Each structure stands twice: as structure tokens, then as C-alpha cells.
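# Residue-level structure breakdown
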Amino acid sequence: MSVLVNKNSNIIVQGFTGSEGTFHAEQMIEYGSNVVGGVTPGKGGSTHLGKPVFNTVKEAVKEVSADTTIIFVPPAFAADAIMEAADAGIKVIITITEGIPVADMIKASNYIKNKDCRLIGPNCPGVITPGEAKVGIMPGFVFKKGKVGIVSKSGTLTYEAADQVVKEGLGITTAIGIGGDPIIGTTTKEAVELLVNDPETECVVMIGEIGGQLETEAAQWYKDSGSKKPVVGFIAGETAPAGRTMGHAGAIVGGSEDTAQAKKKILKESGIHVVDSPAEIGKKVKQVMSA
């Protein structure tokens, strides 16, 4: 079992022929992901990287049974790309694009609420199920198959956590980079829930950051679920000055509960194993899995 993406995912790339889309599609194909084509309006009927190009997502769904998409569309058009994918019946929509206007994301988010799809991102590194499918921009070689699930707001900390877990002789079921924007499709809680409910995942790493309530909601859900599956948590941004946006647009402390200290306290009270430094993630995972 894996969550969201696997060897049977039929993946298309929106913004396929652009420089970003081309570079990362090549990496994904090289990794072994089942990329079945891409979408670039006006270039339908041509081929790119040996795969068919379609004018619309609907055509890609009809012609190559696409069910998963990764979006490399410029910020001004990315929300439209999300809505188009949802409209066409795509089940998993992974949006890498950074800098999508918040007003556009509010519109896209409301539009897809009643659609049968899951949005990951925007402004995220994507999703990887090692050895099966890499639908994102993460360095595939870092990830090895195993029994630890990762949920992270940060791209680089996703790779860092995976690297440490692998170096401890363990591996990853699925790693989900949920993105650091104020409005994202899949929340920390929803991603943690997917992994806690996955029979193959025996431990979950949850990497959060200052700002917002996502980690608090995830911790509350975990506590209420009564799950005995261990969760290791890390909150980035402990030294960030209050009131300043740090790196991610969503990482801004609004109130006392948004600080790293407050979040860590709530996580601990919910039964999550909290580490103070990202350098401790791998060791802590090994420790709780051996307990």
C-alpha cells in the first residue's frame, strides 16, 4: 500500500513543454514514474520527451486515462490549471507552482470542494512513493522504500528527514510535501490521517512550522484517533522573530498559539514524539520504532 501515488498512477504534466515542466518530467520518467503525457494549450498533437502532448486535461483523461497531474504552470494561470484538472476528473492534483495569488487560490479551493479529487500544494515539492512513483521535484535517490511516512510543509526538510531515516537503515512508504502557502489543498491533519490509516506505514514523521493551526489540528486528530502508531514531530522556525513572514507565505505568527514553543507543547500533550532539531529526526524514528 502507498498513499496518493504509486506505480499504477497515470501521470500527466501540465506546463509540459515549458523549461520547468520539461526538466522535472525528464527526472520523473527517469525515476520510473508512469508519465503518460502532458498538456500545453496550442501544442496538442505533438510529442515531447517521447510522450503525447494534449491541448486540454480532458483530452489527456480521455486518450491516456490520466488520473494524476503535476502542475508547472506560471502563477497567473496555475489556479485555472487546478480547476481544469478537477473538472476533467483528475483524482490527484499536485501543484508545484509558487507565488499563486491568494485570491486565485481561494477561488480554486472553493471550486474543487465538491469535486472528487485531492489537491496537494501549491508551492510544494510533490509526493513520492519510493521505487514506484515520483510526482514532484524531490531528489529521488534520497528516498528508499520502507515503513515510515513523511508529511512536511518544507521541501528541503522532507528530503533531510528521508535521508536521515534511510541512514538509520529504515525507509519511506510515501513522503508528502503539502506546501507552505496560506491556502493549500491537503492539510497536515489530512496527510497524517492518510499515513496513519495506511497499513504499511508503521511510523509517521510530521514536519511543521510556525504560523497557522495546521499542526495543532493534526495533533488533536491524532490524540482523538487513539492510534498507537508513533508520530515524530518537528516544528521549524523557533528562532523566527514574531510577526515576520519567514520563507513560506503561511509561516507568520498570528497569535501566541502559532509559535514553535506553543505548537511543540500541544504536540507533546497529544502523544507525539517531538524533536528540537531536524538533525534528531532519524534517531528518534529509529528509537520509537524499536520500542
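Positions within a chain are numbered from 1, following the residues in the order the chain's sequence is written. Owing to the predicted nature of the model, reporting of local features is limited to residues with pLDDT of at least 70; listing and counting of side-chain atom pairs is limited to 80 or more, with chain, interface and lining totals taken over all residues. Just so you know, side-chain values use all the structure's heavy atoms and leave hydrogens and water out.

### Some remarks on the layout of surface pockets
Any space left empty among the atoms is revealed by the rolling of a water-sized probe across them. Points on a 1 Å grid over protein atoms alone make up a cavity when a 1.4 Å probe fits among them but cannot get out, and a pocket when they form an open set with protein on both sides within 12 Å along at least five of seven lines; lining residues each have an atom within 4 Å of a point. Grid points are joined across faces, edges and corners, and a volume is the space filled by probe spheres set on the points. Estimates place the volume of the largest pocket at around 390 Å³. Each helix is a run of DSSP H or I of at least 4 residues and each strand a run of E of at least 2, with the numbering of both proceeding from the N terminus. Those elements that place two or more of their residues in the lining of the largest pocket are helix 4 (102-112) and strand 7 (118-120). Looking at the lining of the largest pocket element by element, the count peaks at 3 residues for helix 4. Under the grouping applied here, Gly and all other residues not named as nonpolar or charged are polar, the nonpolar ones being Ala, Val, Leu, Ile, Met, Phe, Trp, Tyr, Cys and Pro and the charged ones Asp, Glu, Lys and Arg. Here the lining of the largest pocket is composed, by residue class, of 8 nonpolar, 10 polar and 7 charged. Of the residues that make up the lining of the largest pocket, three or more belong to each of domain 1 (11-120) and domain 2 (138-290). Source of the domain bounds: an automatic or database domain assignment.

### Quick look at the nonpolar core
The biggest cluster of nonpolar side chains holds 43 residues, and the ones touching the most others in it are Val13, Ile70, Ile94, Val135, Ile176 and Ile272. In terms of residue count, helix 7 (residues 214-225) provides more of this core than any other element does, 5 residues in total. Residue-level mapping places this core at the junction of two domains, with at least three residues from each of domain 1 (11-120) and domain 2 (138-290). What Ile176 contacts, discounting residues up to four positions off in sequence, is Val3, Leu4, Ile120, Gly126, Val127, Ile150, Val151, Ser152, Ala191 and Leu195. Residues enter a nonpolar core if they are buried and are Ala, Val, Leu, Ile, Met, Phe, Trp, Tyr or Cys, with the set joined through side-chain atoms within 4.5 Å. Relative accessible area decides the class of each residue, using a 1.4 Å probe on protein chains only: under 20% of the type maximum gives buried, over 50% gives exposed, and in between gives partly exposed. Judged by nonpolar contacts, the second largest core, of 25 residues, contains Ala66, Ala86, Met105 and Leu119. Note on contacts: a residue pair qualifies if any of its non-hydrogen atoms lie within 4.5 Å across the two residues.

### Brief notes about the side chain of Ser227
Inspection of the secondary structure assignment puts Ser227 in the loop between helix 7 and strand 13 (231-236). Here Lys229 takes part through its backbone nitrogen, which lies 3.0 Å from a polar atom of the side chain of Ser227. Those residues in contact with Ser227, other than ones at most four positions away along the chain, are Val196 and Tyr222. Polar contact is the term for a pair of N or O atoms within 3.5 Å; when the atoms are in protein, one must be able to donate a hydrogen and the other to accept it, and sequence-neighboring residues count only if both atoms are side-chain atoms.

### Points about the state of the cysteines
In plain terms, two cysteine sulfur atoms within 2.5 Å form what is called a disulfide here. Tallying each qualifying case throughout the model produces 0 disulfides. No disulfide involves Cys117; its nearest neighbouring cysteine sulfur is the one of Cys124, lying 14 Å away. The exposure class assigned to Cys117 is buried, which follows from its relative accessible area of 19%.

### A word on helix 7
Note that an α-helix has 3.6 residues per turn; residues three or four places apart therefore point the same way. To estimate how far a helix should extend, the number of its residues minus one is multiplied by 1.5 Å. In this model, helix 7 (12 residues) spans 16 Å end to end at C-alpha, consistent with the 16 Å of a helix rising 1.5 Å per residue. Looking only at helix 7, the buried set comprises Leu214, Glu215, Thr216, Ala218, Ala219, Trp221 and Tyr222. The secondary structure elements touched by the buried residues of helix 7 are helix 6 (188-196), strand 12 (203-209), strand 13 and helix 8 (260-269). Where helix 7 ends, the next residue or the one after it, Gly226, has phi of about 75 degrees, a positive value.

### Things to note about the sheet that holds strand 13
We call two strands paired when DSSP finds no fewer than two bridges between them. Taken in spatial order, the 7 strands line up as 9-8-11-10-12-13-14 in an open sheet, and their pairing is mixed. A strand with exactly one partner marks an edge of an open sheet, and here the two such strands are strand 9 (133-136) and strand 14 (273-274). Angles run from 0 to 180 degrees between N-to-C directions of axes, and those axes are lines fitted to C-alpha atoms, restricted for helices to the stretch in contact. Against the sheet, helix 1 (residues 19-31) engages strand 8 (126-129) and strand 9, with an angle of about 170 degrees to strand 9. Relative to strand 10 (residues 145-152), helix 5 (residues 155-167) is tilted by about 155 degrees, and along the sheet it contacts strand 10, strand 11 (172-177), strand 12 and strand 13.

### Here's the deal with the UniProt feature "active site" (unreviewed entry) in the protein chain
Here, the residues flagged by UniProt with the feature "active site" (unreviewed entry) are His248. Locating His248 in the fold gives a position in the loop between strand 13 and helix 8. Overall, the relative accessible area of 17% leaves His248 in the buried class. In this view, His248 contacts Asn123, Lys153, Ser154, Gly180 and Glu209; residues no more than four positions away in its chain are not counted. UniProt positions are given in the numbering used here, feature names are shortened, and annotations may be inferred rather than shown by experiment.

### Topic: helix 3 (residues 75-88)
Taking 1.5 Å per residue, 14 residues should reach 20 Å; helix 3 reaches 20 Å between its end C-alpha atoms and fits that length. Just past helix 3, the residue Gly89 takes up positive phi, approximately 95 degrees.

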